[in-house]
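Close look at the chain arrangement
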Amino acid sequence: MNIGLAAHDSKKKLMQNFCIAYRGILAKNALFATGTTGRLIEEAANLQIHKYLVGHLGGSQQLGAQIEHNEIDLVIFLRDPLRPKSHEPDVNSIVRLCDEHNIPLATNLATAELLIKSLDRGDLDWREMYK
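Here the structure is a predicted model, which is why all the values come from computation and not from measurement.

The rules behind these values
- Residues numbered from 1 in each chain as written.
- Predicted model: local features only at pLDDT ≥ 70, side-chain atom pairs only at ≥ 80, totals over all residues.
- Heavy atoms only, no water.
- Salt bridge = Lys/Arg side-chain N within 4 Å of Asp/Glu carboxyl O.
- Helix = DSSP H or I, 4+ residues; strand = E, 2+ residues; numbered from the N terminus.
- Buried < 20%, exposed > 50% of the residue type's maximum accessible area, 1.4 Å probe, protein only.
- Disulfide = S-S within 2.5 Å.
- Axes fitted to C-alpha atoms, helices over the stretch in contact; angles between N-to-C directions.
- Parallel < 35°, antiparallel > 145°, perpendicular 65-115°, else oblique.
- Contact = heavy atoms within 4.5 Å.
- Nonpolar A, V, L, I, M, F, W, Y, C, P; charged D, E, K, R; others polar.

Here we take up the pattern of salt bridges. Overall, the coordinates contain 7 salt bridges when judged by the stated rule. For Asp120, the salt bridge identified is with Lys28, shortest N-O distance 3.9 Å. Taken together, the residues Asp120 in helix α6 (residues 109-121) and Lys28 in the loop between α2 (23-26) and β2 (30-33) connect sequence positions 92 residues apart. A residue is classified by how much of its surface remains accessible, and Lys28, at 64% relative accessible area, is exposed. A salt bridge links Asp73 to Arg127, with the nearest nitrogen and oxygen atoms 3.2 Å apart. Taken together, the residues span a long stretch of sequence, with Asp73 in the loop between α4 (59-68) and β4 (74-78) and Arg127 in helix α7 (residues 126-130) at a distance of 54 residues. Each of the two residues, Asp73 as well as Arg127, counts as buried.

Our focus in this paragraph is the state of the cysteines. Counting across every chain of the model gives 0 disulfides. Not part of a disulfide, Cys19 finds its nearest cysteine sulfur in Cys98, a span of 16 Å.

For the rest of this paragraph, the subject is the packing of α4 against helix α5 (residues 91-101). Packing of α4 against α5 leaves a shortest axis separation of 9 Å and a crossing angle of 5°. What the angle tells us is that α4 and α5 run roughly parallel. Here α4 contributes Ser60, Leu63, Gly64, Ile67 and Glu68 to the contact with α5, which in turn contributes Ile94, Leu97, Cys98 and His101. When the residues that make up the contact of α4 with α5 are grouped by side-chain class, the tally is 5 nonpolar, 3 polar and 1 charged.

As structure tokens, then:
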């Protein structure tokens, strides 16, 4: 499975901790992340990540393009709904694309944990047939 990862600045540490906690599951999949988030995950969890550009410099659009081409199976975008900064990636475009293309999406830790455990159980294997 191809997993897209992104996080607003205030959620990057949470994303690192999530990836450390679920390293065993994540390591079995192809990981794609916006630039800074990807670098931080690599450093913290020692996972191999295909890094896009920094989110506000085009990384979010690169993730969106892969979603549009049905090349991403699951997206975890930890967002800060209370303090988004103007330079951070726009989560709304990713949410819209995931909705349009039937891609499972988590925007908070609780949903991210549900999706990653579902992935490990094989509950998302339908994505292979969907492609």
